[in-house]
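The lines below spell out each chain.
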Amino acid sequence: MAEKTVTIQNRHGLHVRPATQLAELAGKFKSPVTIVKDGQEVSARSIIELLTLAAAHGTELRIKAEGPDAAEAVDAIQKLIDGRFGLE
Amino acid sequence: MQILKGTPVSPGIVIGEAFLLDLEEYRMPRRAVVPEHIEAEVARFQSAIDKVVAEITEDVKRLAAAMPEDDLHKIFEGHIAIAQDLVVSVIDSIRKYRFTPEHAVSKKIRTIVKQLTSRDDPGGFAARIVADFTDVEKRLLRALFGQREQSHNGVHQKSVIFARDLTPSQTISLDRSKILGFVTEGGGRTSHTAILARAQGIPAVVGIENVTRDVSGGDMVIVDGTKGIVIVEPDEETLRKYRTLEKNFIQFERRTAEEMRTQPSETRDGIAVSLLANIELAEEAENAKDYGAGGIGLFRTEFLYTDPRNPPGEKQQFDAYVSVLKAFPGRPVTIRALDIGADKDLIGGTAPERNPFLGCRGIRLLFDRMDLFRTQLRAILRASSFGKLRLMFPMVSTVEEIKQAKAIVADVREELDGEGKTFDPEMPIGIMIEVPSAAIAADILCTEADFLSIGTNDLVQYVMAVDRMNEKISSLYQPANPAVLRLLRSVIDAGARAERPVSMCGEMSGDPLFTALLLGFGLRSFSAVPSALPEVKKVLRSVTVPEAKQIAQDALALTDAHQVTEFLTEKTKRIIPELF
């Protein structure tokens, strides 16, 4: 079980493009990854569920994973979010 | 007969049949599928998904090819991911609840939208995501109904397009040769529809509430894009009247344009006057040349910022600026820095203001958004080595703002120097005169500005304290008011005394009614929408400078806007009787 807290830093928030990137990345790991915002927990592999978080700029999110490569998955997703999805 | 009034966004008159684009509110009957048909319905849904994915993939390709520097296509890639992500849960509800695929898709999207709209959404972030889901839903439902996207295939003959609002994907899919005009419920002067219409010279009226409900496909309609009027099922007399107007409008425009294109732009006594074009898209540059423009007097850069989530990068801007410069080699091209305020949130994150027209807009906003400002300056400076580029700042009200903006330009120049990038070190830096304080103190601003360009639309609005979109007081929006005329003359005088070129780029400079008057005030550079240039040139070539001075002097002796308008109409009528 691995967990980390991150803040959405790209100005336009977790919109369609970054959400697509996140879902793609999450799908590459064996461990299921979830994203939590204000108690709402969604699968990081589903672009639809990610979008329903409506995570605008400045939103704090918790990344959780459980499984064989949980730590790597959480690290990779944290890097993507902190790196502003390479968008800015 | 029904007469509807909206906002005119692209001039001209057309008569034709109405074509309603995408007005369907897809409300699905909640019909249960009989058990033995369930798998067939699942298969039908699967093939709809395949079709939609193929359709979006095609759009992605086309967009990526058409605008390689733009990331717009990546948003559509996200739409593919959304469609694919719907598959499992929709199939699940077809099997479990025996929903039809249409109903299952609708229900799923409704649930998502409800979730997104149930919370506070101050920045409009969730609302933009809702638009993405709705776009995917519409495509899916169309595929399920066996309907093709109603694009050029739907429009069989030349028609007037009616829509609630056009999405970017609809706008790009329309066959422009089949479009007579545009009428929409939503949108303003800066909507996609308005930009497209103006760029193509297609008459358009926007902002007519419920128009898609009041008009049926196939109705005979008249669109007057000059006055902002749409007439549905006109009676014989109205139709006859407008047919004549339509014919005259087209003939006159064509004749004047042809007659004037190759004529030198000078007064009857041989004084050269520059006639420049206002454009909003780089693609309009060629069109401007066709109307005889000698350069670009105002390139509005707002239209590069079409997606608040995705402001244009340096490369994309650079390409756009260079393409305009290349269309006008050796001719002046004036690029205006981003001019927006809280009334149009094109960059995201702009807080609503109580009084946006007196708020953080133009240069004020650029100082606040240094990231956007510097990116744009880098693109403009780098483009400057490709032609005769002039940079202009909007909404300047004090001399300190010019100093500050120039300091930032100097800093960006140094940065580019450090990177070994080339630019024109002599690029003139000027300002818009559109705020009364700038107009009154134009002589002081000339100590810092290399040139002035009078933006009459805002200037008249601020001088008269009249919001021209407010119908109740629109009669007070008076370009011909003596106060406005005096101020214009004093700005032109200040520029002449300081030896700074003065141009005008508001609607007044494209209105032949004011051409002789402005010439008499000493204006020697006019910038207007390309289609207005031939008429302005016609007036120019018909008067001498002493005559124009006399007209100016006589007009200044009058005491109200109505007298001035009447006087100028009388004078202009002798030159272009067809206009009145």
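Residues numbered from 1 in each chain as written. Chains lettered and ligands numbered in written order. Predicted model: local features only at pLDDT ≥ 70, side-chain atom pairs only at ≥ 80, totals over all residues. Heavy atoms only, no water.

Asks: Lay out the sheet that holds strand E2 (residues 7–10) of chain B in plain terms, naming residues and giving numbers.
Replies: Residue and element names in this part refer to chain B. An order of E1-E8-E7-E3-E4-E5-E6-E2 is seen for the eight strands of this open sheet, with the pairing classed as mixed. Edge positions in the sheet fall to strand E1 (2–5) and E2, since each has one partner strand and no second. Along the sheet, successive strands turn relative to each other by an average axial angle of 30°, direction set aside. The strands touched by helix H8 (residues 236–261) are strand E3 (13–20), strand E7 (220–224) and strand E8 (229–232); relative to E3, the strand with the most contacts, the crossing angle is about 115°. (Pairing = 2+ DSSP bridges. Helix = DSSP H or I, 4+ residues; strand = E, 2+ residues; numbered from the N terminus. Axes fitted to C-alpha atoms, helices over the stretch in contact; angles between N-to-C directions. Contact = heavy atoms within 4.5 Å.)

Asks: Give me the lowdown on the side chain of aspartate 132 of chain B, citing residues and values where you can.
Replies: Among the secondary structure elements, aspartate 132 of chain B is positioned in helix H4 (residues 125–144). If near-sequence neighbours (up to four positions away) are discounted, aspartate 132 of chain B is found in contact with Val16 of chain A together with Ile75, His79 and Arg309 of chain B.

Asks: Go over the pattern of salt bridges with me, naming the residues and quoting the values.
Replies: Residues and elements named next belong to chain B. Evaluation of the coordinates by the stated rule reveals 29 salt bridges over all chains. Ionic pairing is found between arginine 95 and glutamate 39, a salt bridge with its closest N-O pair at 2.9 Å. Of this pair, arginine 95 sits in helix H2 (residues 72–97) while glutamate 39 sits in helix H1 (residues 38–66); the two residues are 56 residues apart in sequence, bridging distant segments of the chain. According to the relative accessible area criterion, arginine 95 is partly exposed, its value standing at 45%. (Salt bridge = Lys/Arg side-chain N within 4 Å of Asp/Glu carboxyl O. Buried < 20%, exposed > 50% of the residue type's maximum accessible area, 1.4 Å probe, protein only.)

Asks: Kindly report on the sheet that holds strand E1 (residues 2–7) of chain A, identifying the contributing residues and their values.
Replies: Residue and element names in this part refer to chain A. Taken in spatial order, the four strands line up as E1-E4-E2-E3 in an open sheet, and their pairing is antiparallel. The outermost strands of the open sheet, each flanked by one partner alone, are E1 and strand E3 (40–43). The average undirected angle you get between the axes of adjacent strands in this sheet is 25°. Here helix H3 (residues 70–82) sits on the sheet in contact with E1, strand E2 (33–37) and strand E4 (60–65), set at roughly 5° to E1.

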